[in-house]
Structures are given as structure tokens and as C-alpha cells.
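# Descriptive analysis of the structure
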Amino acid sequence: MKLSAVERLRRFYKQFSGNDQVLVLINADPDAIASAMAVKRLLWRKVAGVAISNINVIKRPDNLAMVRLLGVNLLHVDNLKGETRFNRIVIVDSQPSHNDAFLRFNPDVVIDHHPRTDMNVQFADIRPEYGSNSTILTEYLRAARIKPSVKLATGLFHAIKTDTRNFERQTLIEDIRAFQFLFRYANTTLARKIEQADLRLDFLKYFKIAIETMRVHRGRVFVHLGEVVNPDVCVLVADFFMRVNPVTWSIVSGVCDGTLILIFRNDGIRKNAGTVAKKSFCQLGSAGGHKSMARAEIPVSCIPEMVDIRDERQMLHWIIDRIEQKHPVAQNCRKNTVGAERDE
């Protein structure tokens, strides 16, 4: 039987008492950050204290802007002091098995919208059919009759837009209802500032490299950037080329920390990007994704010795050959695959 939002909220509140010190753990991205903000608001004056801790290092400029502009107080998990003082652990927008960093904690509450994995917690609200975890937390706020502050509403508003890719990804009517509710209280100008803060000065040189070295064939743009300071550069360049008419595919690669990163984008009309990524590279590393966006990650040690990774032109030719299947590709894939990740 489907539980009402009021009943879910009642069961959530049942896990806490007035003396609790609560730690909210996140793998920080917009949906996780906003969800943690909502949990903190839900528990205001109901527990002794709430802290939010991120297990990852936040590098994306838009995510850094979100934390700064919304005044979110985050503490990296490695910098936690006296973590034993926390007697209640909450994980949002993730599950314990999603990252080894969660394994040192024993969570009491998990709220997530990804497919359910094995876990032993007192309270779990897992709804993989939802487009955004922030939709679930917005339902909790409404059930508690809490009017969100401007910053909280803006965070949740931005998170739903981000995780549904402006409602182009899997979306339920519940996501739309939550978005409409938040629109009343959100600062859309502030949300736009967060969305547009996706570039850093040191990223701009890669756009110059991409424009000067790109290969275009039948609507497909291929770019290899060489060494990059951050894999997000590949994502930004790939998205940029999809705005150019008549580009239908954008495949951008770069090497970061000993790993070849490949980002696939297409118009969603023709071939499946996830299938192409997997067919081309899964036997060398991890690869996968969705119809219009995908990713592959290959340790440079797995790249054939005949390919000089320092020769950017040779690397580009090798990538194009594999994608266009000019050379036979073995079909036995590694077990691990990656989808279009949350930070893409």
C-alpha cells in the first residue's frame, strides 16, 4: 500500500529525539545539497543539532556557486572532528553501497531516488521513479506545513531542474508539482546565477584548443583536449558543441589523473549515446549512459601500447576509429559501467 506524505513524515520524525546530534551525509551535487538543506530545516528545533558533510571534493563552479550563494555550511567528511558525537546518521540522494566513504558510518535514515540496494537502516524512503530527490524532500516539507525560505526553495528549485535536465529526463507529475510549489518562494534570478556559474577562467583555454583541433564528420564533432585540470572541462566543451548547428554528435575526451575521460552527447534522435560508448570502450574501462548523453573512463594503462597518449592527434584518430568501428572491437565488456554521472 502506498504511504501518504504525512505518514512518511511521521515515520521519519519517529527516528529522532530532542537530544540527537544528526549528521547528514551527501555526495555533493545540486540534488544532494538541496536535499540536505531540507532535512536540516525539517529537524530544526526537533533535535539538538544538525551538520552536513560531503564525502566528495566539490570542484564544479556551479556547485561551488550554489554552496556560496545559498550559504550552505558544509564540512568535508575527512575534516570531521569528534564524529562520535553524532548519534543519528542520515544519507540523502545516495545509499550506503554507492561509495566506500559511506561505509565507515551506520546510517539510520536513507532518502534516495536511485534504484534500491541492500541496506540495513531503521528508515528508508527509496523512490527510483522520481526524477529528483529534492521532490521527495519537498513533499516532506509540504506535509510538515513548512514554508521554505527563499534560499531553501531556490536550492530545491535548482536541484529539480538540474536532475531532470529541465524535465527532459525521467519525470513524474510529482516532480512538476514540487517545482510549481517551489516557484512561489524561489529567487529565480539567484537560481540563474547558480546555473550560469559553470565556467572558470582556467577552463577557457580548452575551448580554444577544441575549436582549433576539432574534427567534424557527418555532423559529428570529435575533440581530444589532452591533459585537463578537471574532467568537467570535457563535459562543458561537449555541451558547447551541441549548441552549434548542424552538429548532431559531440564526443570530447581528455586525460585527468591517469584516466582517459570521454564524454558523449547527441541530439537524442539518432543512435543511443550510451550504447555507442559501451560498444566502443567498455572492454577497456567503464562506459555507459543514456540515449543522449554518456561517459567512458579508461585507465591510460589500458590503452594499447601502439597509441602514444602524449600525441594528441594520434589519440584523436584512435578514438575516432574505435567509435566508427574501423578496427574490430572485442565484445567482452568489463562488469563495471558508468552512466551519465550526476556531475555531468
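Whatever comes next refers back to the structure up there.
Okay, the overall build of the protein next. Helices and strands together make up the secondary structure of the protein, namely eleven helices and twelve strands. Expected size for 344 residues packed as a compact globule is a radius of gyration near 20 Å; at 21 Å, the protein falls within 12% of this value. When the backbone C-alpha atoms are referred to their principal axes, the protein occupies close to 65 × 40 × 40 Å. Looking at the protein as a whole, 53% of its 344 residues qualify as buried. Across the protein, contacts joining residues at least 24 apart in sequence account for 64% of those joining residues at least 6 apart. Carbon and sulfur atoms form 49% of the exposed surface of the protein, whose accessible area is close to 16900 Å². Of note, the protein has its 50 positive side-chain charges centred 5 Å away from the centre of its 38 negative side-chain charges.

Looking now at a nonpolar patch on the surface. Together, Leu199, Leu201 and Leu204 make up an exposed nonpolar region whose accessible area comes to about 330 Å². Tracing the backbone through its elements, the reader meets Leu199 in the loop between helix 7 (188-196) and helix 8 (204-213). Classification of Leu199 by relative accessible area gives partly exposed; the value is 43%.

On the basis of which strands lie adjacent, the open sheet formed by six strands has the order 7-8-9-10-12-11 and mixed pairing. Looking along the sheet, the strands with just one partner apiece sit at the ends: strand 7 (215-217) and strand 11 (286-289). Direction aside, the axes of adjacent strands within the sheet are offset by 10 degrees on average. Pairing analysis gives eight bridges linking strand 9 (residues 249-256) to strand 10 (residues 259-266), with the strands arranged antiparallel. Within strand 10, the residue paired with Gly254 across the bridge is Ile261.

Analysis parameters
Residues numbered from 1 in each chain as written. Predicted model: local features only at pLDDT ≥ 70, side-chain atom pairs only at ≥ 80, totals over all residues. Heavy atoms only, no water. Helix = DSSP H or I, 4+ residues; strand = E, 2+ residues; numbered from the N terminus. Rg over C-alpha atoms; globule rule 2.2 N^0.38 Å. Buried < 20%, exposed > 50% of the residue type's maximum accessible area, 1.4 Å probe, protein only. Contact = heavy atoms within 4.5 Å. Areas by Shrake-Rupley, 256 points an atom, 1.4 Å probe, with all protein chains shown as cover. Lys, Arg positive; Asp, Glu negative; His and termini not counted. Charge placed at Lys NZ, Arg CZ, Asp CG, Glu CD. Patch = residues over 30% accessible without salt bridge, like charges linked within 9 Å, V, L, I, M, F, W, Y side chains within 5 Å. Salt bridge = Lys/Arg side-chain N within 4 Å of Asp/Glu carboxyl O. Pairing = 2+ DSSP bridges. Axes fitted to C-alpha atoms, helices over the stretch in contact; angles between N-to-C directions.

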